[in-house]
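Each chain, written out:
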Amino acid sequence: MFGSHDSQGDLEHDDAPARAANPDFLDGKYEPVVSAGEGGMASVWMGYTHGEAGFRRKVAIKRVHRHLAGDDKFARMFVEEAHIVAELNHPNIVQIHDFGREADGGYFIVMEWVSGLNLKDYVRGYSLVDRTPPWPIVSAITIEVLRALSAAHSRTDVSGRAVPIIHRDVTPANIMVGFNGYVKLTDFGLSRALDRPRTTDPGIVKGKVSYLAPELFEHHKPDVRCDIFSVGVTLWEALSGRRLFGADTDVDAALRVIACEVPDLRELRPEIPAELSAIARRAVARGPDERFQTAREMIAALSALLCHPELATDGPAIAHSAREAGDFLLEHD
Ligand SMILES: Nc1ncnc2c1ncn2[C@@H]1O[C@H](COP(=O)(O)OP(=O)(O)OP(=O)(O)O)[C@@H](O)[C@H]1O
Ligand SMILES: [Mg+2]
């Protein structure tokens with residue numbers, strides 16, 4: 001069979017025609033194997049891309065939900081996501097490899113597979129044993145996410161003109177913490193390069209409401225400081241182990257974001273340094289002008305805090321923490 005030991009390394013053996021005829025392969029090349037998770041618009045599968053001579057590589061395959069496959073507006077959004085992300089090439093951004101359509105017309109994206117946990121599960125792992133993740137590691141993860149955003153925010157076109165990409169959907173579920181210690185941001189699904197035509201409905205706020213910046217509810221044009229706000233909410237939640245603007249309905253969540261009442265982190269977690277609490281607070285300031293103005297500025301603030309010889313926050317330290325959270329999930333979930 002495909003990728004079996006018989007065919008591996010056999011340059012004479014061409015199994016491409018058989019793959020092309022196999023309905024389980026997308027575009028005759030991509031084999032979804034295990035479901036890795038489900039979101040609002042798609043399901044993500046761990047799978048393999050198959051090449052000649054038994055070559056195969058692990059990939060993530062994001063497949064649009066069937067009920068959305070025929071929705072033109074949605075299809076345009078998904079195609080746009082694929083185009084935008086394909087342009088981004090950065091170690092902290094999940095790399096997109098390919099884009100295609102299934103036999104029934106549904107779209108799919110083939111991406112680099114990240115072996116690890118999303119940040120939501122990472123925090124949940126610790127909460128299962130009544131702990132929160134170590135604050136230095138959370139800060140280091142946040143720096144990596146900000147590096148990804150900084151690259152997207154400072155994108156330029158061929159003539160050097162600034163054409164920032166705003167992510168617009170920075171949430172714990174879209175941050176992957178690898179068991180190898182790499183941190184990768186995914187799903188630039190709602191982002192829209194400012195040089196692209198508008199394809200999302202102007203009246204509809206998409207994305208997870210409790211991470212959206214308050215000015216977006218007042219129909220302000222999104223800018224890079226919206227992403228800073230979302231990073232701030234994510235940071236606050238990872239440090240405290242609680243939801244900041246959680247609510248049962250989107251409307252209630254929006255009202256909470258708009259009110260923007262942020263409990264003092266140090267009252268919840270006294271071990272958190274005052275400087276870190278102040279950084280999180282500044283990132284989730286109600287007014288965009290009160291926040292960090294760029295991802296780089298926030299990176300500088302967090303880096304200054306971590307610049308301490310006793311703090312281990314490098315890749316191996318992140319990897320260790322990710323595996324620890326993974327073990328908690330396995331043992332207690
Ligand atoms: N490249 C990847 N490698 C490994 N796992 C991934 C990858 N991309 C996504 N996942 C996993 O698949 C899950 C589902 O992803 P998906 O983007 O479809 O939904 P979501 O981010 O949870 O919510 P939504 O996208 O609807 O806002 C993620 O939470 C993550 O755990
Ligand atoms: Mg996602």
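Only a predicted model underlies this, so the values are computations on that prediction, with no experimental measurement involved. (Residues numbered from 1 in each chain as written. Chains lettered and ligands numbered in written order. Predicted model: local features only at pLDDT ≥ 70, side-chain atom pairs only at ≥ 80, totals over all residues.)

A. The arrangement of the site of ligand 1 in detail. Around ligand 1, a shell composed of 21 residues is seen, among which G37, G39, G40, A60 and A173 lie nearest. A total of three residues in the shell around ligand 1 trace back to one element, the largest contributor, which is strand β1 (residues 30–38). Considering only residue class, the shell around ligand 1 consists of 11 nonpolar, six polar and four charged. (Near = placed C-beta within 6 Å. Helix = DSSP H or I, 4+ residues; strand = E, 2+ residues; numbered from the N terminus. Nonpolar A, V, L, I, M, F, W, Y, C, P; charged D, E, K, R; others polar.)

B. Expanded view of the pairing of β1. As judged from the seven bridges shared by β1 and strand β2 (residues 42–50), these two strands associate in the antiparallel manner. Across the sheet, residue V34 finds its bridge partner in β2, namely M46. Remark: three residues form the turn of the hairpin made by β1 and β2, two consecutive strands paired antiparallel. (Pairing = 2+ DSSP bridges.)

C. Geometry of the environment of V129. Tracing the sequence through the fold places V129 in the loop between α4 (119–128) and α5 (135–153). Judged by local crowding, V129 falls into the partly exposed class, with 13 C-beta atoms found within 10 Å. In this structure, the C-alpha to C-alpha distance between V129 and F328, residues 199 residues apart in sequence, is 7.0 Å. In contact with V129, not counting residues within four places along its chain, are F328 and H332. (Buried ≥ 20, exposed ≤ 12 C-beta atoms within 10 Å, placed from the backbone. Contact = placed C-beta atoms within 7 Å.)

D. Focus on helix α11 (residues 315–332). Over its 18 residues, α11 runs 26 Å from end to end, which matches the ideal 26 Å to within 8%, given 1.5 Å per residue. Of the residues making up α11, those classed as buried are I318, S321, A322 and A325. Across the axial projection of α11, the buried residues extend over an arc of 100°, all falling on one side. Among the exposed residues of α11, those oriented more than 90 degrees off its buried face are P316, D327, L330 and E331. Of the surrounding secondary structure, the elements contacted by the buried residues of α11 are β6 (116–118), α4, α5, β7 (175–178) and β8 (183–185). (Expected span 1.5 Å × (residues − 1). Arc of directions from axis to C-beta.)

E. Looking closely at the sheet that holds β6. Judged by pairing direction, the sheet is antiparallel, and its three strands sit side by side in the order β6-β7-β8 without closing on themselves. Of all the strands in the sheet, just β6 and β8 have a single pairing partner and so form its edges. Taking each pair of neighbouring strands and ignoring which way they run, the sheet shows an average axis angle of 20°. Taken together, the three bridges between β6 and β7 define a ladder with antiparallel strand orientation. Within β7, the residue paired with N118 across the bridge is M176. (Axes fitted to C-alpha atoms, helices over the stretch in contact; angles between N-to-C directions.)

F. Structural context of the pairing of strand β4 (residues 96–101). Sheet analysis places β4 next to strand β5 (residues 107–112), joined by five bridges and oriented antiparallel. Residue G100 lies in a different strand from β5, and its bridge partner there is F108. Connecting the antiparallel pair β4 and β5 is a turn made up of five residues, with G105 showing a positive phi of about 95°.

G. Summary view of unusual backbone geometry. The backbone phi angle of D130 is positive, close to 55°, even though this residue is not glycine. As for its position among the elements, D130 is in the loop between α4 and α5.

H. Broad picture of the nonpolar core. The biggest cluster of nonpolar side chains holds 81 residues, and the ones touching the most others in it are I141, V145, V177, L239, A280 and A283. It is α5 that contributes the most residues to this core, 11 residues altogether. There are two domains that each give this core at least three residues, and those are domain 1 (5–112) and domain 2 (116–332). Setting aside residues no more than four positions away along its own chain, A280 makes contact with G232, L235, W236, L239 and L265. (Core = buried A, V, L, I, M, F, W, Y, C linked by C-beta atoms within 7 Å. Domains from an automatic or database assignment.)

I. Focus on the sheet that holds β1. Ordered in space as β1-β2-β3-β5-β4, the five strands form an open sheet in which the pairing is antiparallel. The open sheet has two free edges, formed respectively by β1 and β4, since each of these has just one partner strand. The mean inter-strand angle of the sheet, taken between neighbouring strand axes irrespective of direction, is 30°. Across nine bridges, the pairing between β2 and strand β3 (residues 56–64) is antiparallel.

Any link to function would need more than the numbers given here.
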